[in-house]
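The chain contents come next:
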Amino acid sequence: MVPIQSGCLGNCAFCIEPIARGKLHSYPPDLIVEKIAEAVGKGAKEIYLTGQDVICYGLDMGVTLPELIDKILRKVEGEYLIRIGMLEPSLTARFIDELLELMKDERVYKYLHLPLQSGSNKVLKLMNRKYSVEEYLDIAGKARRAMPDINITTDIIVGFPGESEEDFEETVEALKSIRPDKTHIARYTIRPFTVAATMKQVPEPVKKKRSKILSEIAAKIAHERNLRHVGRLEKVLINSLGRDSCFLGRTLNYKPVLVSRGEKIEIGVIRTFRIESATPIYLRAAFKP
């Protein structure tokens, strides 16, 4: 885990982070590269670039996230994989071409954590988000056209104050258009000292009902996306031990994979596996010599 920044440039109505963490603060690129080189030198195989909103990295010091990643790839030799953290969509639109170019390198997971939060432009405005649904769809569409198997993970808040039934239906339609590989769904909860805490709240039973509907749709989409991998030979980084005598790993597009522990493999290796089956949550694979 490599923190590259704290704070953000946003002021979302539901979020306590601007109060808790303050303005954007980025760490120097050379220091980040130095720490990653040390970690890789000691055997680290996964590098997670983390922060409240990593896409705004460096904008307080005249550098950008793509420039940082490019520097890491040029300066740090070895076998490792970089996972890019959460990206706010309005800023991501500025850098998506550069990010997709960097993802052509096998050392960068083909993975975008791009929160939607709502499929209603009205609700996005109430949330004080800085993008529209159409702009989000443009980013996701560009990523999928460049890399059909790119792993798009998103976040959605249901029952945000002011969300009507029509707004929720728009979110359902947006989810079906984006077809995320994974969707984190949260029922809105009040955060003290935030603007949304003072707004008229959606009743809890309504939030629960909407969450259930959205979760079922998201699971179906995730399963269909995972089924695309069945029958393929995929490179997988084995990164931990799981239950039921299995190893756990990640494909190059950051899909979780279960592999039988009986195979002659060990943690930290990158091997080719045949994907034999899929659930909405993970892939199951067998070793391919």
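Computed from a prediction, not measured in an experiment: that's the story for all the values here.

Focus: the sheet that holds strand β6 (residues 111–113)
Read from one edge to the other, the open sheet built from three strands follows the order β6-β7-β8, with strand pairing classed as parallel. Sheet topology places β6 and β8 (182–187) at the edges, where each strand pairs with a single neighbour. Strand-to-strand, the axes of this sheet are offset by a mean angle of 15°, without reference to chain direction. When β6 meets strand β7 (residues 151–158), the two strands line up parallel, connected through three bridges. Directly across from His-113, in β7, lies its bridge partner Thr-153. Relative to the sheet, helix α8 (residues 204–227) contacts β7 and β8, its axis offset from that of β8 by approximately 175°.

What about the layout of surface pockets?
By volume, the largest pocket amounts to about 680 Å³. Considering every element that reaches the lining of the largest pocket, the biggest residue donor is β8, with four residues. If you add up the space inside the second largest pocket, you get close to 380 Å³. Lining the second largest pocket we find 19 residues, and of these Asp-181, Lys-182, Thr-183, Pro-280 and Ile-281 sit closest to its centre. Put simply, the parts of the chain that give the lining of the second largest pocket at least two residues each are β7, β8 and α8. In terms of residue count, α8 provides more of the lining of the second largest pocket than any other element does, five residues in total. Among the residues forming the lining of the second largest pocket, the class breakdown is nine nonpolar, six polar and four charged.

Some points on the sheet that holds strand β5 (residues 81–84)
Taken in spatial order, the three strands line up as β1-β4-β5 in an open sheet, and their pairing is parallel. The strands lining the two open edges of the sheet, one partner per strand, are β1 (2–3) and β5. As paired elements, strand β4 (residues 46–50) and β5 share four bridges and run parallel to each other. Opposite Tyr-48, over in β5, you have Arg-83 as the bridge partner. Its contacts with the sheet put helix α2 (residues 29–41) on β1 and β4, and the angle it makes with β4 is roughly 155°.

Focus: unusual backbone geometry
The backbone phi angle of Arg-179 is positive, close to 55°, even though this residue is not glycine. Locating Arg-179 in the fold gives a position in the loop between α7 (165–178) and β8. Located in the positive-phi region is Tyr-254, a residue other than glycine, with phi close to 65°.

A look at the environment of Pro-3
Its place among the elements puts Pro-3 in strand β1. Since its relative accessible area comes to 48%, Pro-3 is described here as partly exposed. Along the primary structure Pro-3 and Tyr-57 are separated by 54 residues, whereas in three dimensions their C-alpha atoms are 10 Å apart. Filtering out sequence-adjacent residues up to four positions away, Pro-3 remains in contact with Tyr-27 and Thr-50.

Quick word on the packing of aromatic side chains
This structure, assessed with the given rule, holds five aromatic pairs. Plain terms: the ring middles of Tyr-48 and Tyr-254 are 6.3 Å apart, the flat faces sit at 80° to each other, and that makes the pair edge-to-face. One end of the pair, Tyr-48, is in strand β4; the other, Tyr-254, is in the loop between β10 (246–251) and β11 (256–260), with 206 residues separating them in the sequence. Both residues of the pair, Tyr-48 and Tyr-254, belong to the buried class. Both rings, one in Tyr-111 and one in Tyr-254, keep their centres 4.8 Å apart while their planes meet at 55°; by these two values the pair is tilted. Taken as a pair, Tyr-111 in strand β6 and Tyr-254 in the loop between β10 and β11 lie far apart in primary sequence, 143 residues in all. Exposure class is identical for Tyr-111 and Tyr-254. Each is buried. Pairwise contacts between aromatic rings join Tyr-48, Tyr-109, Tyr-111 and Tyr-254 into one cluster. Above the face of the Tyr-48 ring, Arg-83 is positioned so that its terminal group lies 4.0 Å from the ring centre. The positively charged end of Arg-250 is found above the aromatic ring belonging to Tyr-254, 3.9 Å away from the centroid.

Rules used throughout
Residues numbered from 1 in each chain as written. Predicted model: local features only at pLDDT ≥ 70, side-chain atom pairs only at ≥ 80, totals over all residues. Heavy atoms only, no water. Pairing = 2+ DSSP bridges. Helix = DSSP H or I, 4+ residues; strand = E, 2+ residues; numbered from the N terminus. Axes fitted to C-alpha atoms, helices over the stretch in contact; angles between N-to-C directions. Contact = heavy atoms within 4.5 Å. 1 Å grid on protein atoms, 1.4 Å probe; cavity = no way out; pocket = protein on both sides within 12 Å on 5 of 7 lines; lining within 4 Å. Points joined across faces, edges and corners; volume = space filled by probe spheres on them. Nonpolar A, V, L, I, M, F, W, Y, C, P; charged D, E, K, R; others polar. Buried < 20%, exposed > 50% of the residue type's maximum accessible area, 1.4 Å probe, protein only. Phe/Tyr/Trp six-rings, centres within 6.5 Å; stacked < 30°, edge-to-face > 60°. Lys NZ or Arg CZ within 6 Å of the ring centre and 35° of its normal.

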